[in-house]
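Examination of the molecular architecture
Next come the chains, spelled out residue by residue.
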Amino acid sequence: MHNPAAEAASVSAAVQASTPLLQVDQVSLQYRTSSAVVQATHDVSFGVYPADRFVLLGPSGCGKSSLLKSVAGFLPPASGEIRLDGQVVRHPGPDRIVVFQEFDQLPPWKTVLQNVMFPLLASKTLKKREAAERARHYLEKVGLARFADAYPHTLSGGMKARVAIARALAMQPKMLLMDEPFAALDALTRRKMQEELLMLWDEVRFTLLFVTHSIEEALVVGNRILLLSPHPGRVRAEINSHQYDLASLGGAGFQQTAQRIHRLLFDEGAAPAAPEKPINFGDVRFSY
Ligand SMILES: Nc1ncnc2c1ncn2[C@@H]1O[C@H](COP(=O)(O)OP(=O)(O)OP(=O)(O)O)[C@@H](O)[C@H]1O
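Residues numbered from 1 in each chain as written. Predicted model: local features only at pLDDT ≥ 70, side-chain atom pairs only at ≥ 80, totals over all residues.

Formally: UniProt positions are given in the numbering used here, feature names are shortened, and annotations may be inferred rather than shown by experiment.
Under an unreviewed UniProt entry, the protein has the name ABC transporter ATP-binding protein and belongs to Herbaspirillum chlorophenolicum. The record held by UniProt for the protein lists under Sequence similarities (unreviewed entry) the comment "Belongs to the ABC transporter superfamily."

1. Side note on the overall build of the protein
Worth spelling out the cut-off: Strands here are runs of E lasting at least two residues and helices are runs of H or I lasting at least four, both read from the DSSP assignment and numbered beginning at the N terminus. Neighbour density around each residue's C-beta defines its exposure: 20 or more other C-beta atoms within 10 Å make it buried, 12 or fewer make it exposed, and counts between make it partly exposed, where C-beta atoms are placed from the backbone. Working definition of a contact: two residues with C-beta atoms, positioned from the backbone, lying within 7 Å.
A count of helical and extended segments in the protein gives eight helices and 12 strands. Classification of the 288 residues of the protein by burial places 38% in the buried group. Put simply, of all contacts in the protein between residues at least 6 apart along the chain, 68% involve residues at least 24 apart.

2. Let's talk about the nonpolar core
Applicable threshold: In these notes, a nonpolar core means any group of buried Ala, Val, Leu, Ile, Met, Phe, Trp, Tyr and Cys residues linked to one another through C-beta atoms within 7 Å.
One finds Val116, Ala166, Leu176, Leu177 and Leu227 to be the most contacted residues of the largest nonpolar core, which totals 73 residues. Per-element accounting of this core gives the leading share, eight residues, to helix H5 (residues 157–170). The contacts of Val116, once residues within four sequence positions are left out, are Ala135, Tyr138, Leu139, Val163, Ala166, Arg167 and Ala170.

3. Details of the domain arrangement of the protein
Test applied: What marks off one domain from the next here is an automatic or database domain assignment.
Splitting the protein by domain gives domain 1 (28–95 + 175–288) and domain 2 (106–172). Taking only C-alpha atoms, the centre of domain 1 and the centre of domain 2 are 27 Å apart. The interface is formed by 14 residues belonging to domain 1 together with 11 residues belonging to domain 2. At seven residues, helix H6 (residues 187–204) tops the list of elements feeding residues into the side of domain 1 that touches domain 2.

4. Considering the sheet that holds strand E4 (residues 79–84)
The condition that has to hold: When DSSP finds two or more bridges between two strands, those strands count as paired.
Spatial strand order, E2-E1-E4-E5: four strands in an open sheet with antiparallel pairing. Each edge of the open sheet is held by one strand with a lone partner, namely strand E2 (37–48) and strand E5 (87–88). One ladder, built from five bridges, connects strand E1 (residues 22–32) with E4; its direction is antiparallel. Note on E4: the bridge partner recorded for Ser28 is Ser79.

5. Side note on the site of the ligand
Cut-off, in case you're wondering: Placing a C-beta atom from the backbone of each residue, we mark the residue near a molecule or strand if the atom is within 6 Å of it. Throughout this entry, Asp, Glu, Lys and Arg are counted as charged residues, while Ala, Val, Leu, Ile, Met, Phe, Trp, Tyr, Cys and Pro are counted as nonpolar. The remaining residues, Gly among them, count as polar.
Surrounding the ligand, one finds 14 residues, the nearest of these being Tyr31, Ser60, Lys64, Ser65 and Ser66. Those elements that provide at least two residues to the shell around the ligand are E2 and helix H2 (64–72). Across the shell around the ligand, the residue classes break down as four nonpolar, nine polar and one charged.

6. Quick word on H5
Rules: Helix span is expected to be 1.5 Å times the residue number reduced by one.
Between its first and last C-alpha, H5 extends 20 Å over 14 residues, near the 20 Å set by a 1.5 Å rise per residue. Of all the 14 residues making up H5, 11 are buried; the element is thus mostly covered by neighbouring parts of the structure. Within the span of H5, buried status applies to Lys160, Ala161, Arg162, Val163, Ala164, Ile165, Ala166, Arg167, Ala168, Leu169 and Ala170. Against strand E6 (96–99), helix H3 (112–122), helix H4 (128–141), strand E7 (175–179) and H6 lie the buried residues of H5.

7. Considering the environment of Pro77
By the secondary structure assignment, Pro77 is in the loop between H2 and E4. Through-space distance from the C-alpha of Pro77 to that of Ala252 is 40 Å; in sequence the pair is 175 residues apart. Excluding its chain neighbours within four sequence positions, the residues that come into contact with Pro77 are Val27, Ser28, Leu29, Ser70 and Ile82.

8. Remarks on the pairing of strand E8 (residues 208–212)
On any regular strand, side chains alternate: one points to one face of the sheet, the next to the other face. As a reminder of what qualifies: Looking down the strands as they point away from you, a crossover is right-handed if its path from the first strand over the helix to the second goes clockwise.
Most of E8 sits inside the fold, with five of its five residues counted as buried. Burial along E8 is two-sided: Leu208, Phe210 and Thr212 facing one way and Leu209 and Val211 facing the other are all buried. Judged from the four bridges that link them, E7 and E8 form a sheet pairing that is parallel. Residue pairing for E8: Met178 is matched across the bridge by Phe210. You can see the chain leave E7, run along H6 and come back into E8, and the turn it takes is right-handed.

9. Thoughts on helix H8 (residues 252–266)
Short version of the rule: What the arc measures is the spread of directions leading from the helix axis to the C-beta atoms.
If you check H8, its first and last C-alpha atoms are 21 Å apart, about what 15 residues at 1.5 Å a residue would give, namely 21 Å. Of all the residues in H8, the buried ones are Thr257, Ile261, Leu264 and Leu265. Taken down its axis, H8 places every buried residue within 95 degrees of arc, on the same side. Opposite the buried face of H8, at more than 90 degrees from it, the exposed residues are Ala252, Gln256, Gln259, His262 and Phe266. Contacts from the buried residues of H8 go to helix H7 (215–221), strand E9 (224–228) and strand E10 (235–240).

This is the structure:
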């Protein structure tokens, strides 16, 4: 049956989906030290759509963390522009929350609940009672409701990671920014955290920008992956990876894609180094 309201809603959803939430446009990043200027990235462009799990992947020093810092508003581009929801990013803001790998950033004198409430109160987003309610809601989502009154030093690394994620999600940011969040965890816990992150995403559908140098992690966590060339980082290719999850690990298709990415990242002959325009090549967009 014809339903004009539903049709209008689906058209507006389609228009929304076709506009990137985050637009990174020809961004070059630099650090000025007393003796030199270090070029971290060169002319990097990409767009992140609502509910994307967008991964920045590349070798050490290619500027992944610098890009994340710039999106967070801590590092202004030397040239180019970053826009979130159409607004140029100039400063850090509660609409972009960063989760780092150092979970020991959780103040040890605050309980788990107080840790999750803290940014909500400090930013005056909510009053105490509402902040506690929201904090409990997200603690439940990460499976830590029973540990609300525990102190961080009594938690495992994986549990601290979950507190940090609950704390970030409780702010209901437009984007969650994660810089190698699981790198310090042992292999089993890391896999479990990846699984939990995907389950959380299934439920909450947040928009994620995720930095890693692990090809496997990029394929598992991301639905889109931007490959960056070594220092200074340039866009090498963009890959759709929505078909992979933890269950694909070890499968032939997964291995082949991982090898292809490895060649693109480390084999100088695999793709020309100087990027200009990305072209489509199956699920991989090479940059020439
Ligand atoms: N504060 C800084 N001052 C000067 N140079 C810096 C600074 N931070 C990063 N750099 C340089 O910028 C480049 C990009 O660094 P960045 O940390 O963004 O890379 P990365 O891809 O995240 O590396 P890794 O995977 O090792 O963390 C590197 O050459 C690095 O030495």
